[in-house]
Amino acid sequence: MADKLLEIKNLTTSFRIKDDYHAAVDNLSLTVNKNEVLAIVGESGCGKSALAFSIMGLHTRAKIDGDILYRDHNIAKMTPSELNKVRGKDIGMIFQDPLTSLNPLMQIEEQIGETLLLHNKEMSKTARQERVLDLLNKVGIPRAEYVMNQFPHELSGGMRQRVMIAMAIANKPELLIADEPTTALDVTIQSQILDLINKLKDEMNAGIVLITHDLGVVAEMADRVAVMYAGQIVEVADVKTLFANPLHPYTRSLLNSVPNSDQEQDQLHVIQGIVPSLQNLPREGCRFSARIPWVDESAHEKHPELREVDPGHQVRCTCYKHFSFPDETKEEQHVLS
Amino acid sequence: MWKFSVRRTLIMIPQLIVLSILIFVLGQLMPGDALSGQVGPDVDPARLDEIREQMGWNDPWHEQYARWMGGVLQGDLGESFRFKMPVTELIGQRIVNSFWLSVATLILTYIIAIPLGITSGRFNDTWRDQLITGYSYVGFATPLFIFALVMLWLFGFTLGWFPTSGSVTPGLEPGTFEYVMSKLYHLLLPAISMALITTYSTIQYLRNEIVDTKQKDFIITARAKGASETRVYNRHILRNSLLPIAAFLGFEITGLIGGSIFIENIFGYPGMGQLLVESISLRDYTVLTAVTLLFGIASILGALLSDIILSIVDPRIRIK
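The rules behind the values
Residues numbered from 1 in each chain as written. Chains lettered and ligands numbered in written order. Predicted model: local features only at pLDDT ≥ 70, side-chain atom pairs only at ≥ 80, totals over all residues. Contact = placed C-beta atoms within 7 Å. Helix = DSSP H or I, 4+ residues; strand = E, 2+ residues; numbered from the N terminus. Nonpolar A, V, L, I, M, F, W, Y, C, P; charged D, E, K, R; others polar. Axes fitted to C-alpha atoms, helices over the stretch in contact; angles between N-to-C directions. Parallel < 35°, antiparallel > 145°, perpendicular 65-115°, else oblique. Left-handed = near helix turned anticlockwise from the far one by under 90°. Core = buried A, V, L, I, M, F, W, Y, C linked by C-beta atoms within 7 Å. Buried ≥ 20, exposed ≤ 12 C-beta atoms within 10 Å, placed from the backbone.

Caption draft 1: Structural view of the interface of chain B and chain A. Contacts between the two partners involve 17 residues from chain B and, on the opposite side, 25 residues from chain A. Per element, the largest residue contribution to the side of chain B that touches chain A is six residues, and it comes from helix α9 (residues 217-224) of chain B. A per-class count over the side of chain B that touches chain A returns five nonpolar, five polar and seven charged.

Caption draft 2: Main features of the packing of helix α3 (residues 108-119) of chain A against helix α6 (residues 157-169) of chain A. All names here are of chain A. Viewed as axis vectors pointing N to C, α3 and α6 meet at an angle of 25 degrees, and their least axial separation amounts to 8 Å. Taken together, the axes of α3 and α6 are roughly parallel relative to one another. In this structure, α3 crosses over α6, and the sense of that crossing is right-handed. Contacts from Ile108, Gln111, Ile112 and Thr115 of α3 reach α6 at Val163, Ala166 and Met167. Split by residue class, the contact of α3 with α6 holds five nonpolar, two polar and no charged.

Caption draft 3: Structural view of the environment of Ile177 of chain A. Among the secondary structure elements, Ile177 of chain A is positioned in strand β7 (residues 175-179). In contact with Ile177 of chain A, not counting residues within four places along its chain, are Ala52, Ile55, Met56, Ile91, Met93 and Val209 of chain A.

Caption draft 4: Up close: the nonpolar core. Grouped together as the largest cluster of nonpolar side chains are 125 residues, with contacts concentrated most on Ala39, Ala166, Ile177, Val209 and Leu210 of chain A. Take this core: its biggest share by element is eight residues, from α6 of chain A. With sequence-adjacent residues up to four places away left out, Leu210 of chain A is seen in contact with Val37, Leu38, Ala39, Ala178, Met221 and Ala222 of chain A. If you look at the next biggest cluster of nonpolar residues, it comprises 12 residues, including Leu275, Val287, Ala290 and Val291 of chain B.

Caption draft 5: Representation of unusual backbone geometry. Residue and element names in this part refer to chain A. Backbone geometry places Asn10, a non-glycine residue, at a positive phi of 50 degrees. Its location among the elements puts Asn10 in strand β1 (residues 4-17). Its identity is not glycine, yet Ala230 carries a phi of approximately 50 degrees, on the positive side. Counting through the fold element by element, Ala230 comes out in the loop between β9 (224-229) and β10 (232-238).

Such coordinate-based values are descriptive only and should not be taken to indicate function.
Given below as structure tokens:
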């Protein structure tokens, strides 16, 4: 069993809409181990980013209950100044959109330097400069000495994401949260950025939480996968198991929606309906039941829980036992090559 | 940068030509001239016509314009009919007064607006913000000329804290310390009155910029780096929010030359605004055209200045 790095226990992150609080992350428990890439997968609106922001304590107007245990601290209970010591130092974060995530008025050197400065007050200016240069080289930015003095708008999206990565890893964090790091980039750049994260993972010995809705990215990068639906985790497994033996209907539907280049398909599989919005989320019973209406009510549990079916493989609700696609011929096996 | 400034300055030339023609023609279109109402009723109208002929006022407008423009280009703006002195000299006296009044107003405006705008933006939708926004709405709704009169009545006449007219106590030697202090004393009340009323735009600008910048992604990045809330505000939010204010400065500087018609007239402060009103009512054409032309030049320069300031403070529009 690998060492635990981060343990999330019964985390509930709720947002206030009008007079009520609605949980975007609902009673979620999850562990991140050292040196592993944990992918969190789900459609848009499943609470993936809300979870990532909770780990960093970045929500300004959300109510957070439960525990986020990191080493011997509880991030969920930290005061702002304690939190500032952890952010950027022990936990680094890469954001979705590199185009808007950099301060337009600051030179690259100053932006990366700020992370260093905030956590090493004694570091001299020249040492900081050298470290920034070093980081820029590490993330594969050509002509780093020149780029250091450039402003964000002078760089391309891929370059900016590299700068963001340099910023996130500046203080050699133990945990790196990547919130859809490739969503805003075009496909060729996407694979470059993923390669870079993969390369850095080996160098840094850090745990990585990779949030994505791209199953291709998951297959390429992850060690373990948590599938999230409507604020809950519906299935956790290591990546091979998940692709070879997906159990939860949601996981199977997601996998089935991926176009397959080996087979001719007349139609892509589409999951019926949409992720319910926060206010309309059914808080009772199996949350996915509304999108697989052909499965009988009795197949679902009243209070579905995550249960271990195999060592390390957990599934929520019993409906997976009775689930099949309406058109049986459609489902193929997704065995990792 | 250099090239851009030169290009912008060259573009100004046709603008200025059109402006000067417009001003000149509009001045000519006004009924009456400097002689009407200024001479005794027993003067022979034939004699007046003779004078007009002599002064060249009966020539076609383009000839008169050419003559006037020729003088302007050589720095000769003509002579004031009323003050019997060269217009350049007259404007020279007045522009200094207007300049200092506007500088004082501008400084007071920023002293009031920046802290209030920051508070309002940072704590938006709290009682503090509502209080400050309330003040700016009152400032927005109050007519300057009424507020200035109330200020003058209260602090000038009733309490007697400030002088009620003029720009300096008569009899003081220019250049002495007393003279400077007296000047400052005289412009304080008009400057405060104006600043209190006109500061709303800067407050609201700053507030909205801060509220807007607060929600930008790079602010989350800054927090994720471990920056404290104070640092996030001072280094990231404020710097980005001050951009439009800085750009606005160019236009504010236009006001330095133009002065304020209301304030100067109410406080009997001899500045450019007062000169403009006087020259209109007395048909003092040479002064009127010169002052209007100067205002025009000032606003064109102000726009140029705004662009230059913005290009200095915002790297995204830095001009190569």
